[in-house]
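# Geometric and topological summary
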Amino acid sequence: MGRKSHRGGRRGSDRKGGDNRKPRTDAYRSYPDILKNNEKLEAFYNNLLPLDDDEKKEFWAALRRDLPNSFRFCGSKGHAVAVKRLLEMRYAPEIDKIQTFNGDIVQAPQPVPWYPDQLAYSMTTPKQVVRKFPPFATFQKFLVSETSVGNISRQELVSMIPPLVMDLKPGMTVLDLCAAPGSKSAQLLEMIHTGEEARIRKFMEAFGEAALPANEQEVADPTDDSADDGRATGLLIANDVEYKRCHMLVHQLKRLSSPNLIVTNHDATLFPSLRISRDPEHPNVPRYLKFDRILADVPCSGDGTLRKNIDLWKYWQPGNALGLHATQSRILVRALQLLKVGGRVVFSTCSMNPVENESVVVSAIERCGGPDVIDIIDCKDRLPLLRRYPGMHQWKIMDKSGRIWNNWEEVQQHVLTGGQAPSKISQTMFPRPDTSDCSSLPLDRCMRVYAHQQDTGGFFITVLEKKKEFKAKEEMKSQFEAPDAPQNETAAPTGDSTAAVETKITEESKAAVGQPTDELPSIGSKRTLEETETEQPPDSKRQRTATPTSEKVENIAEAILDAETAKVETDSLESPAPKAETDKRVKRAEGNFEEPFKYLPTDHEVVRDISLFYNISPRFPSDRFMVRNALGEPAKAIYYSSQLIREILVENEGRGVRFIHGGLKMFMKQDSPSAEVCRWRIQAEGLPIIAGYVGRERLIRLTDKKTLHMLLREMFPKFIDDDWKKLNEIGERIRDIGMGCCLLSIEPDGTDPEFSERMVLPLWKSFHSLNLMLPKEDRSAMMLRLFNDTSPVINRTLKESAKLEAETADSDVKEETEDKVDEVIEDVVDVKMQDGEAEAEANGDEVVSEKSG
């Protein structure tokens, strides 16, 4: 949503050796502020929105103010509450001590009242104060640190709404069709894992196994999502049409350490049906995955982001929204096709224009069979403190010239009387006449959020429920066709245009059966990472796509029923072994490659060695380990996934589905100190899944805050002779435990409110040292969070290496100096001996021995 900003690129690409840069004359050049005025924009919304004069002033005044910064605490509820407590106890009191700074009002971040458990915060303090006011600058460091490790998401407030109205429960299958940059996907993933920690603990206690202690905030009904011993069985597929943005999704979401995540790279209008395992009672009939919940946060013109994307004041044009209406409708129809009966789609945009909102909802419902098939859900009971306006029943359309049209009949009359047909305007954009089945849809159940209501951006949200399966109707022409137009303009498309139409229909048919689909151009764009504080100017030109004709495109489930029936015999004869060509890396249209997913057999040598070394409980599903290479052999990493993801990846191998990521990284190969030590260490992201199943032989319990501080502050601390005594309560255990990877269970005793979160960390013991296997940024963030320590991490190995190099250099210099002195003395002795002064030899020897000593 909103327009993309293209970042990155080559810096200094013209430099060829040396520093030939010219002195900058504009280093401190100031640019004039963008005028926050746009006549067409203001005229359109003043005419459209049902606001009185006073509220319109508030509305425009809010849009002209800077958008407040906002963020939310991520992860499990127990973890999020622990991080939130630091804001309340450590940072907010210091900020509140001083009310103004250099004349600017200073206010600590305030909780958002409508967000559940008040885990979202907003702050209106100006940026210059945040940077210069010491208490706020300290908090800013904490905010940046926790964002880097995924404990905080810097996300626009209205962007948090769609997942919250989805009514998502553990165990559900979820699809995010237009997922990048991933902030909403992260919310969905957290919901899928709600209560998992507590459920696993209850199941393990029920089977008499030693479970690791859970955080006090984590409570759950053990009957919820209990099919896999408490482990989350739900699924999130995060999809995006752009390959690079898919990898951005992976980067954003892997911080949540979920084995229930798949990232795919497909056009949302052509998202393929995913095959799942067949029903044992009907083994010859293929089955396809249907989703419980789908989020369609579609590309849009983004005029609800005027407060953040200031350039929109300059570049906003009504044609931006008109050109996206058809694509948005297709995405919503595809979402409804992929939905289970009784499932829900949340449709949202960051636009205020009804042509991208209510108009799209009506068009999609109309194509899917009307109100008897798709219902608009009333969400008044969800987020009761969120102020909102109902959706519109009547609206107007502004064309590219700025003329406002009240209805389709007005457009027809204009053309019939000799006027020029307005570009990009179609009949589906207008409210339906009374004769239509969709004329009385309860569009007031849609939600509109405006900037002035709670100091946010603008947003539109609708929740739709599927009542029964349907066959989608043909798509109406998206542009007005003048009846008296010249023959060469109204004739049926031929040549390239005919091929384009046929390609579109063929691609949707392929998507229906999950076959490979060629990438089609997409229109519009999504917003970039919500936490970015600046945006690039909107593009002056938009990518165009040929408008489909009225040929019929059938529903996924029913349009291809005959094709599926015809394929039954062939499918039943297929060998379960993958074809030879499927072992190759999947090549993208852009030339990118993705390694295939290969699951390891439970009797694989590496799987057996890992299970024996860590004494992993037989209750842990060892058939879910996989690697990413064509050979199917562990090389650098071993991954783990949920059972449903295993099923999807195996069943769809070689079918052209563009899988970018699946599961999480569980083990990494490590140089071991001896042959008896397992070379596969547990990754930090995999610990929450497997920690409770690791035997006590590889477990170390830590209760002292100082001990943890020492392990975090210093990498590779020495462990020789009596050094174990420095490790306090874990010293003896460290001394006695075998080498290799072990688990450090952090179990605070409850006496320190800032040291209350329970966690498990990977620890590696070698011959003479041990080390917490955490990235440097994770160490730094944990030191700041737990100990308010901003000192750099000490790398003992690097320091000792530097010291050794320095000592070696000093030694070389010293030896060189001594050699020169010896040469001088020897020359002196020779001279004196030639002169017959015998005593000089003794003095010379004395001097040499002094120097040598």
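Being a predicted model, the structure only gives us computed values, none of them experimental.

What counts and what doesn't
Residues numbered from 1 in each chain as written. Predicted model: local features only at pLDDT ≥ 70, side-chain atom pairs only at ≥ 80, totals over all residues. Heavy atoms only, no water. Helix = DSSP H or I, 4+ residues; strand = E, 2+ residues; numbered from the N terminus. Buried < 20%, exposed > 50% of the residue type's maximum accessible area, 1.4 Å probe, protein only. Contact = heavy atoms within 4.5 Å. Core = buried A, V, L, I, M, F, W, Y, C linked by side-chain atoms within 4.5 Å. Pairing = 2+ DSSP bridges. Axes fitted to C-alpha atoms, helices over the stretch in contact; angles between N-to-C directions. Right-handed = clockwise from strand over helix to strand, strands pointing away. Parallel < 35°, antiparallel > 145°, perpendicular 65-115°, else oblique. Left-handed = near helix turned anticlockwise from the far one by under 90°. Nonpolar A, V, L, I, M, F, W, Y, C, P; charged D, E, K, R; others polar. Polar contact = N/O pair within 3.5 Å; in protein donor to acceptor, adjacent residues only side chain to side chain. Phe/Tyr/Trp six-rings, centres within 6.5 Å; stacked < 30°, edge-to-face > 60°. Lys NZ or Arg CZ within 6 Å of the ring centre and 35° of its normal. Salt bridge = Lys/Arg side-chain N within 4 Å of Asp/Glu carboxyl O. Disulfide = S-S within 2.5 Å. pLDDT = per-residue confidence, 0-100. Patch = residues over 30% accessible without salt bridge, like charges linked within 9 Å, V, L, I, M, F, W, Y side chains within 5 Å. Areas by Shrake-Rupley, 256 points an atom, 1.4 Å probe, with all protein chains shown as cover. Lys, Arg positive; Asp, Glu negative; His and termini not counted. Charge placed at Lys NZ, Arg CZ, Asp CG, Glu CD.

## Here's the deal with the environment of phenylalanine 136
If you trace the backbone, phenylalanine 136 turns up in helix H5 (residues 134-148). On the basis of relative accessible area, phenylalanine 136 is assigned to the buried category, the value being 0%. Spatially, the C-alpha atom of phenylalanine 136 lies 9.3 Å from that of glutamine 107, the residues being 29 residues apart in sequence. Ignoring any residue separated from it by four or fewer positions in sequence, one finds phenylalanine 136 in contact with Ile95, Val106, Gln107, Pro109, Met123, Thr125, Val129 and Val130.

## Some thoughts on the nonpolar core
Nonpolar side chains in soluble globular proteins tend to end up buried together. Among the nonpolar cores identified, the biggest contains 82 residues, and Leu177, Ile237, Ile294, Leu336 and Ile648 are the most heavily contacted of them. Tallying contributions element by element places helix H13 (residues 358-368) first for this core, with 6 residues. Apart from residues no more than four positions distant in its own chain, isoleucine 648 is found in contact with Leu235, Ile262, Leu274, Arg275, Ile276, Leu289 and Phe659. Ranked by size, the runner-up nonpolar core spans 69 residues in total, among them Val81, Val112, Val346 and Phe459.

## As for the sheet that holds strand S6 (residues 152-153)
The antiparallel open sheet is built from 4 strands, whose spatial order is S4-S5-S1-S6. Every interior strand has two partners, whereas the edge strands, strand S4 (110-111) and S6, have only one. Pairing geometry for S4 and strand S5 (residues 120-123), over 2 bridges, is antiparallel. In the sheet register, glutamine 110 faces S5, and the bridge partner there is serine 122. Against the sheet, helix H3 (residues 77-96) contacts strand S1 (69-73) and S5, and its axis sits at roughly 135 degrees relative to S1.

## What to know about the sheet that holds strand S26 (residues 664-669)
The strands that make up a sheet are held in pairs by hydrogen bonds between backbone atoms, and each pair lies either parallel or antiparallel. Here 5 strands make up an open sheet; going across it, the order is S22-S23-S24-S26-S27 and the pairing antiparallel. Edge positions in the sheet fall to strand S22 (598-599) and strand S27 (680-682), since each has one partner strand and no second. Pairing between strand S23 (residues 625-627) and strand S24 (residues 637-640): 2 bridges, direction antiparallel. Its bridge partner being in S24, phenylalanine 625 is matched across the sheet by tyrosine 640.

## Digging into unusual backbone geometry
Cis peptide bonds are those with omega within 30 degrees of zero, and the linkage from alanine 180 to proline 181 qualifies with 10 degrees. Even without being a glycine, aspartate 455 presents a positive backbone phi close to 60 degrees. Position of aspartate 455 relative to the elements: it lies in the loop between helix H15 (451-454) and strand S19 (459-466). Since its relative accessible area comes to 25%, aspartate 455 is described here as partly exposed.

## A few points about the pairing of strand S7 (residues 173-176)
A two-sided burial pattern is seen for S7, the buried positions comprising Thr173 and Leu175 on one face and Val174 and Asp176 on the other. As paired elements, S7 and strand S8 (residues 235-239) share 4 bridges and run parallel to each other. Looking at S8, one finds that threonine 173 is bridged to leucine 235. Bridge count between S7 and strand S12 (residues 291-297): 3 bridges; the pairing is parallel. Along S12, the bridge assignment pairs aspartate 176 with leucine 295.

## Brief notes about the pairing of S8
Most of S8 is tucked away, with 5 of its 5 residues classed as buried. Along S8, one buried face is formed by Leu235, Ile237 and Asn239 and the opposite face, lined by Leu236 and Ala238, is buried too. The sheet contact formed by S8 and strand S9 (residues 261-264) spans 4 bridges and is parallel. Across the sheet, alanine 238 pairs through a bridge with valine 263, a residue of S9. Crossover handedness for the path S8 to helix H9 (residues 243-253) to S9: right-handed.

## A short note on the packing of helix H12 (residues 325-337) against H13
Each pair of packed helices can be described by the angle between their axes along with the distance between the axes. Running from N to C, H12 and H13 point in directions that differ by 50 degrees, and their axes come no closer than 9 Å. What the angle tells us is that H12 and H13 run oblique. Between H12 and H13 lies a crossing of right-handed hand. Every residue of H13 that contacts H12 at His325, Gln328, Ser329, Leu332, Val333 and Leu336 is listed here: Ser359, Val360, Val361, Ser363, Ala364, Arg367 and Cys368. Across the contact of H12 with H13, the residue classes tally to 7 nonpolar, 5 polar and 1 charged.

## Re the side chain of aspartate 240
With respect to the helices and strands, aspartate 240 occurs in the loop between S8 and H9. A polar contact is formed between the side chain of aspartate 240 and the backbone nitrogen of alanine 180, at a distance of 3.3 Å. Engagement of the side chain of aspartate 240 in a polar contact is seen with the backbone nitrogen of glutamate 242, the distance being 3.1 Å. Not counting residues up to four positions away in its chain, the partners in contact with aspartate 240 are Leu177, Cys178, Ala179, Ala180, Arg245, Cys246, Leu249, Thr264, Asn265 and His266.

## Section: the packing of aromatic side chains
The full count for this structure, using the stated rule, is 25 aromatic pairs. Plain terms: the ring middles of phenylalanine 136 and phenylalanine 139 are 6.1 Å apart, the flat faces sit at 65 degrees to each other, and that makes the pair edge-to-face. Here the residue phenylalanine 136 and the residue phenylalanine 139 both occupy positions in helix H5, the gap between them amounting to 3 residues, near one helical turn. Each member of the pair, phenylalanine 136 as well as phenylalanine 139, is classed as buried. Stacked on the ring of tryptophan 405, the Lys or Arg arginine 403 has its end atom at 3.9 Å from the ring centre. Lying over the aromatic face of tryptophan 724, arginine 735 brings its terminal NZ or CZ to 4.5 Å of the ring centre.

## A few points about the pattern of salt bridges
Overall, the coordinates contain 30 salt bridges when judged by the stated rule. Two residues, aspartate 455 and arginine 307, come together in a salt bridge whose shortest N-O distance is 2.7 Å. Taken together, the residues aspartate 455 in the loop between H15 and S19 and arginine 307 in the loop between S12 and helix H10 (312-315) connect sequence positions 148 residues apart. Given the relative accessible area of 4%, arginine 307 is considered buried. Between arginine 679 and aspartate 671 there is a salt bridge whose closest N-O contact spans 4.0 Å. For aspartate 671, a relative accessible area of 64% gives the class exposed.

## Section: the state of the cysteines
Summed over all chains, the structure comprises 0 disulfides. The thiol of cysteine 368 is not disulfide-bonded; the next cysteine sulfur, from cysteine 438, is found 9.8 Å away.

## What about the confidence of the model for the protein?
Averaged over every residue, the pLDDT of the protein is 79; the share at 70 or more is 74%. Of all helices and strands in the protein, the one with the weakest mean pLDDT is helix H27 (residues 839-852) (36), whereas S7 scores best (98). Every residue in residues 24-28 scores below 50 in pLDDT, and together they form 1 contact with partners more than four places removed in sequence or on other chains. Low pLDDT, under 50, characterises residues 527-585; the predicted model gives this stretch 130 contacts beyond four residues in sequence or across chains.

## Concerning a negative patch on the surface
Together, Asp52, Asp53, Asp54 and Glu58 make up a negatively charged patch on the protein surface. Along the chain, aspartate 53 falls in helix H2 (residues 53-64). Under the relative-accessibility criterion, aspartate 53 is labelled exposed at 58%.

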